[in-house]
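# Structural overview
Single-letter residue listing:
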Amino acid sequence: MIKLDPINTDFDRTATDSEDDESNSPSSPTWALGDLLQSLEEPDRSAMFLVSKTNELVQLLQRHPELKRELALPVFGRRVQKLLSHPAKEVVATGYRTARYAISDLDSLKTIIGLRTDAFVIRSLAKDVRFNVEREQAIKFIRGYFDITNGVDEMSLGVVCALVAVAEDTADKLSTTAIETLAELLLFDPFKVSAAGGIKVLASTLAAGPYELAESITLSFMYLLDKPDTRVVLWAAHDLDIVLSPFTELQEQDHIDEAKIRNSARVLSLMLKNWSGLFYLSMFGFRQIKAFVQTLQLPLSGLRDIMLDILFDIFNIQIPFWATPFLAGRRVTAAAIMTSDGHQRKDMQKHSLSDKYASLLLAVFIDSDLLAQLLRIIEQDLDSAISRKATLLMGEIISRSARLLPPCYAQKTQILGSLFNSATRFGTLDRFPASSAIFEIDRIFKNIHETSHSGFSSLKVQKVYSFNSGSTGGTNGANTSSSANPELRDKDKARSELKKMKLGLHLDDTHFRNLLLDTNVLSTKKFTKWNWEMLIELMQGPLMNPKRLDEAIRATKFIKRLMSFYRPFKYRFSEIPRNSANQKYVRAGAVLIKTLLANAEGVKYLTENKLLRQIAECLAQLDPMSGITSAEPLFSKHRLQTTLSYGYFTILGTLSSDLNGVAMIERWRMFNMFYHLTELPRIDLITILLSSLDYHIEGHPRILIEKVLTTGEKDVRLFATSHVATLVDFEDQGIHDWAVSLLVQQLYDCDPDVCDLAVKCLCEACTDSRTLDHVVHCLPDIEYLTDAIYPLLLRFLSAPNGLKYLHGLNYIEPQIEEWFTRGNEEYVFVVERQLAQSMFADPRKSKSKTVATPTTVAAAAAAAIAMSGVAIENDMVGTNAYLPPHFYRELVRTTDGCKLLSQKNHMKTFCQYIQSYGDPSTQHALLDSDGLTKLKACLWAVGNIGSMELGVPFLEDTEIVATIATLAATSEIWSIRGTAFFVLGLIASTKSGMEMVVEQGWHGPESVIGQPLGYCIPKGLDQFLSIKPWESAALLRPSRRGVYLADPMEKVLKQIIISQAVKTEK
């Protein structure tokens, strides 16, 4: 609402104004509208009166938008002209506001423009800062053009020039708003912005600021670069090169503009994560990229630190957990790897689009001598922190290159020879940094290899719905039961434990007693002086011998003191602070219980000990049915978060993995208390309990989690569902089938979030054929399920039983027609959105910030480039973009599916459409978003079909691979080149497909056993990324008739300037 400024207004209110303000409330919106319009017709009204009435008019139009249709715009326009020509700035501001809210469609906009509002806008924007209230509403009126379809076409060039003038004045408070408006206008009509000189203003913003607008402006430029008809508004290798200026300018020590460099680094990262930006920066033999890499030669720690950070971001490298101590100054050790979970990564079997794109970036930067510059930083060792970061980056690049790039790049990554030469110069001090770097790189390689095979579970939902808050070292990490810590089931560790046990069986009495004494348990009661590492080895080895265990129980106080330490009411173990250093006590307690359960004498001793009775009493303190209460229960929320009292659930989990242990739990009626505890509003307690128990033995633990899955609160059901998903990975057929059945049951949950989570878990698990067969065997009734189950039904297509099941439900025929007509195009947006989430979002920010573009513009950008500028929420950020399931890919996994696809002739239709645009001269028809999306949809469909062994014959019959390779090499639309690059990688997923790709002049990397990896790199990388400079139309000037004409003399002058610059470089 506009308010009158009492200081700057020189108009007096008349006595009649107050009388007119006391009007009665209207009986209808139409009557009120007529009354307000009539009041504005009265002459000699004060500014205060006009502001008040126009504010009421705007509020009425906001409440009743349908009134816009009832306005007689020619008559209404005269009132608007009267307001805009008023000498008071507040009245003029309300005039713009009223005109903006009166626009409903293109015709009404034309009528308003016919009132010469453009002239009023230009006059308002030309005023100084004292009239900001008027100027602000003028800019908002300009932005109103964007809300009308084709409204920007009616905007005059004079208005755009006035907007550019405001944007150029950095001291103007409205400069930022004007720049935002220009960036949005650039998507609608780039030629108009270019003719008004707005390209220069927007390009300078990338380097000079405001920095918060740089990212959105970059994405706007990337949108223009994608198509040949819009990129002509930019000068090739000129306008956007300003991004590199902060790096290439001479920098002085301690005088680096850090904010400016970080902004330019972020912009450069966005460009390199985009096909348009990558092609643009690769022009002239990677000149811009090489200039950026060469900047690492400057011995400036601040500059190098920023550049290394942005290189981590460009290659999508997340700092691994084990590298944090290394970057802090400590050596890399293999011990840090022990905190990982033992699950095999299922996502390694997926098609990672992020890795495919990263392979291309790696090849570009390796050819630009990045590794040589990193090696120089390591050898110079001017700053230890920078050297360590460079060492880590080099290790990651070499490791990824070995995995993602063809063997021809192996020679280019072998650059450590100079380090070895420096390390062997024993007479100089230079050898110490070199030898240290060699050791660190070797250790980094080993850690990367180990973590790639034993990373966290690919079911990230387990992390999302983890409610075990507290210090480092959660319940799952310390629990040694087989359900909570599958690492104990690892084969290497099992062999190690077997070796320890065999060694313990052959110890003589003297050696055994010495081992007991060395633990210090017999010599002191202070547990801090006990040798806990030796204790664990002793319990895993010699004490597994029944004779040695009996001797430790009867002849010494060894077991007695250990059990006393763990008794809750001794308040020793239960009061230890919860942190990562104290996890050894929890692990030792679980190993102790496991050792006692392994022998009959140990079972007898554990049954008679007070430990389990006291644990049961602590549980009873929380059980409302027990009658036992306590002011400070041992298992209160605060204690579970701050002390090791949660470790008792680890002990109970170990007991639940053994039949004798289950009998002990039943003896103290703890299962009854478990059922009661799950009904308490204690999410932390329930999640710890569920994640600790072992579910291999049929009985109460399984019944307990089934009860929680059906009757628990929403958050508890979510956690229980994600925990059941982790049980699917076990090799035990019984627990595997039981867990899968529970997940199928969760599909019928009344809450859609739980159902969605169950679908995600099942889709993840159904990558295994055994799991998929069991899910199909459960026969879920899709009639009673939501649309969220759709991804799971796609998985059914890949199994013969699933295909038969879906065919019986009459599901396949409608779906194949739906995908042919509409689904393929929707798939394009899904893939591009995932790429945008994995590459464009900045995890350091709480929320991404983009230009306030309408939904239509965001959709247009998503359709135009393979990685669009859609705003991404931070909670959607991921490190990898995996290929979503595709109907045709799942269909051709079986012979029956291939027969069905062959009968429909869909593949032939896709190939014909692609081949019709194989010649660059025919691609002018694709400049509209619909045609572009359809071509991408056909490419993705062909690529998904060709990625399967049974789908290769479809490629051979149509010879479409050559056409796709031609599109990748010659298409004038850069996003089509990028899509073709991904599609060729999909085709290279099979041996036969890889042979076709290699025949077209591409490299196809293979694993050590000769299996295709699904990546491909062009043999002539410089030719693939080389773009011929286009003839720029950026020197456009408007004629008097509004037609954009270029001055021929200016074109000649431009050629002279460019040729002179080339001579100067030579």
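Not measured: the values here are computed from a predicted model. (Residues numbered from 1 in each chain as written. Predicted model: local features only at pLDDT ≥ 70, side-chain atom pairs only at ≥ 80, totals over all residues. Heavy atoms only, no water.)

### Regarding the overall build of the chain
What the chain contains, in helices and strands, is 58 helices and four strands. In the chain, buried positions account for 54% of the 1066 residues. For the chain, restricting intrachain contacts to residue pairs at least 6 apart in sequence, the fraction spanning at least 24 positions comes to 73%. (Helix = DSSP H or I, 4+ residues; strand = E, 2+ residues; numbered from the N terminus. Buried < 20%, exposed > 50% of the residue type's maximum accessible area, 1.4 Å probe, protein only. Contact = heavy atoms within 4.5 Å.)

### Topic: the nonpolar core
Counting 326 residues, the largest nonpolar core has Phe221, Phe315, Ile559 and Phe674 as its most contacted members. When sequence neighbours within four positions are dropped, the list of residues in contact with Ile559 reads Leu543, Leu549, Ala552, Ile553, Leu592, Leu596 and Tyr605. (Core = buried A, V, L, I, M, F, W, Y, C linked by side-chain atoms within 4.5 Å.)

### Digging into helix α28 (residues 509-518)
Taken together, the buried positions of α28 are occupied by Phe512, Leu515 and Leu516. Within α28, the buried residues cover an arc of 100° as seen down the axis, which keeps them to one side. Opposite the buried face of α28, by more than 90 degrees, sit the exposed residues Thr510 and Leu517. A positive phi of about 70° marks Asn520, the residue just after α28. (Arc of directions from axis to C-beta.)

### Re empty space enclosed by the protein
The full count for this structure, using the stated rule, is four cavities of 30 Å³ or more. Here the second largest cavity is characterised by a volume of approximately 50 Å³. What lines the second largest cavity is Lys273, Ile314, Phe315, Asn316, Ser354, Tyr357, Ala358, Leu361 and Met839. A breakdown of the residues in the lining of the second largest cavity according to their chemical character gives six nonpolar, two polar and one charged. (1 Å grid on protein atoms, 1.4 Å probe; cavity = no way out; pocket = protein on both sides within 12 Å on 5 of 7 lines; lining within 4 Å. Points joined across faces, edges and corners; volume = space filled by probe spheres on them. Nonpolar A, V, L, I, M, F, W, Y, C, P; charged D, E, K, R; others polar.)

### Digging into the packing of aromatic side chains
Tallied over the entire structure, the rule returns 41 aromatic pairs. Taken together, a centroid distance of 5.3 Å and an interplanar angle of 80° make the contact between Phe315 and Phe365 edge-to-face. Within this pair, whereas Phe315 is found in the loop between α18 (301-314) and α19 (323-327), its partner Phe365 is found in helix α20 (residues 353-367), the two being separated by 50 residues in sequence. Since its relative accessible area comes to 1%, Phe365 is described here as buried. Ring geometry for Phe569 and Tyr571: centres 6.3 Å apart, planes at 50°, overall tilted. Overall, the relative accessible area of 28% leaves Phe569 in the partly exposed class. Directly above the ring of Trp974 sits Arg231, whose terminal nitrogen or CZ lies 4.1 Å from the centroid. Over the ring of Trp738 we find Arg702, and its NZ or CZ is 4.7 Å from the ring centre. (Phe/Tyr/Trp six-rings, centres within 6.5 Å; stacked < 30°, edge-to-face > 60°. Lys NZ or Arg CZ within 6 Å of the ring centre and 35° of its normal.)

### What to know about the packing of helix α54 (residues 960-970) against helix α55 (residues 974-987)
Where α54 meets α55, the axes come as close as 8 Å, and the angle between the chain directions of the two elements is 140°. In terms of orientation, α54 and α55 fall into the oblique class. Crossing hand, α54 versus α55: left-handed. Residues Val961, Ile964, Ala965, Leu967, Ala968, Ala969 and Thr970 of α54 form the contact with α55, whose own contacting residues are Ile976, Arg977, Ala980, Val983, Leu984 and Ile987. (Axes fitted to C-alpha atoms, helices over the stretch in contact; angles between N-to-C directions. Parallel < 35°, antiparallel > 145°, perpendicular 65-115°, else oblique. Left-handed = near helix turned anticlockwise from the far one by under 90°.)

### A closer look at unusual backbone geometry
Phi at Asn150 is positive, roughly 60°, even though this residue is not glycine. Along the chain, Asn150 falls in the loop between α8 (132-143) and α9 (157-168). Residue Tyr571 is not a glycine yet carries a positive backbone phi of 55°. Along the chain, the position of Tyr571 falls in the loop between α31 (558-566) and α32 (583-597).

### Regarding the pattern of salt bridges
Opposite charge on two side chains permits pairing when their charged atoms draw close. Within the structure shown, the criterion is met by 37 salt bridges. Between Arg639 and Glu575 there is a salt bridge, with its nearest N and O atoms 2.5 Å apart. Remark: Glu575 occurs in the loop between α31 and α32 and Arg639 occurs in helix α35 (residues 637-642); sequence separation between them is 64 residues. Take Arg639: its relative accessible area is 14%, and that puts it in the buried class. Among the charged side chains, a salt-bridge network with shared partners connects Glu258, Arg262, Asp305, Asp309 and Lys389. (Salt bridge = Lys/Arg side-chain N within 4 Å of Asp/Glu carboxyl O.)

### Things to note about the side chain of His723
Secondary-structure assignment places His723 in helix α41 (residues 714-727). A polar side-chain atom of His723 sits 3.3 Å from the main-chain carbonyl oxygen of Leu690. Among residues more than four places away in sequence, those in contact with His723 are Leu690, Ser691, Tyr695 and Ile705. (Polar contact = N/O pair within 3.5 Å; in protein donor to acceptor, adjacent residues only side chain to side chain.)

### A few points about the environment of Ile441
Among the secondary structure elements, Ile441 is positioned in helix α24 (residues 431-453). The class for Ile441 is buried, based on a relative accessible area of 2%. Filtering out sequence-adjacent residues up to four positions away, Ile441 remains in contact with Thr391, Met394, Leu416 and Leu419.

### Comments concerning the environment of Glu817
Relative to the elements of secondary structure, Glu817 occurs in helix α47 (residues 812-839). Separated by 89 residues in sequence, Glu817 and His906 have C-alpha atoms that sit 9.6 Å apart. The residues touching Glu817, leaving out its near neighbours within four places in the chain, are Lys904 and His906.

### Re a positive patch on the surface
On the surface, Lys525, Lys557, Lys560, Lys570, Lys610 and Arg613 cluster together to form a positively charged patch. Note on placement: Lys560 falls in helix α31. On the basis of relative accessibility, which here comes to 54%, the residue Lys560 falls in the exposed class. (Patch = residues over 30% accessible without salt bridge, like charges linked within 9 Å, V, L, I, M, F, W, Y side chains within 5 Å. Areas by Shrake-Rupley, 256 points an atom, 1.4 Å probe, with all protein chains shown as cover. Lys, Arg positive; Asp, Glu negative; His and termini not counted. Charge placed at Lys NZ, Arg CZ, Asp CG, Glu CD.)

### Re the confidence of the model for the chain
Of all residues in the chain, 81% have pLDDT values of 70 or greater, and the mean over the chain is 79. Between residues 335-349, whose pLDDT stays under 50, and residues either more than four places distant or in other chains, the model counts 39 contacts. Across residues 454-491, confidence stays below pLDDT 50; counting only partners more than four residues off in sequence or on other chains, it has 108 contacts. (pLDDT = per-residue confidence, 0-100.)

### Structural notes on the packing of helix α3 (residues 47-63) against helix α5 (residues 89-102)
Where α3 meets α5, the closest approach of the two axes is 9 Å, and the angle between their N-to-C directions is 20°. As far as their axial angle goes, α5 and α3 are roughly parallel. Relative to α5, the crossing made by α3 is left-handed. The segment α3 lies against α5, with Ala47, Leu50, Val51, Thr54, Asn55, Leu57, Val58, Leu61 and Gln62 engaging Glu90, Val91, Thr94, Arg97, Thr98, Tyr101 and Ala102. Looking at the contact of α3 with α5 residue by residue, the class counts come to nine nonpolar, five polar and two charged.

### What about the environment of Asp896?
Within the secondary structure, Asp896 is located in helix α50 (residues 895-904). Judged by relative accessible area, Asp896 falls into the partly exposed class, the value being 46%. For Asp896 and Leu797, which are 99 residues apart along the polypeptide, the C-alpha to C-alpha distance reads 9.9 Å.

### Comments concerning the state of the cysteines
Evaluated as defined, the whole model comprises zero disulfides. The thiol of Cys761 is unpaired, and the distance to the nearest cysteine sulfur, on Cys763, comes to 9.3 Å. Just so you know, Cys763 is unpaired, no disulfide at all, and the nearest cysteine sulfur is the one on Cys766, 6.6 Å from it. For Cys763, a relative accessible area of 10% corresponds to the buried category. (Disulfide = S-S within 2.5 Å.)

### With respect to the side chain of Asn944
Looking at the element boundaries, Asn944 is found in helix α52 (residues 929-946). Given the relative accessible area of 0%, Asn944 is considered buried. Discounting chain neighbours no more than four positions away, the residues touching Asn944 are Tyr827, Leu883, His886, Arg889 and Leu986.

### Focus: helix α38 (residues 670-677)
Burial runs high along α38: six of the eight residues are buried. Those residues of α38 lying buried are Met670, Phe671, Met673, Phe674, Tyr675 and Leu677. At its buried positions, α38 is contacted by α34 (611-620), α36 (647-656), α37 (659-667), α39 (683-692) and α40 (700-711).

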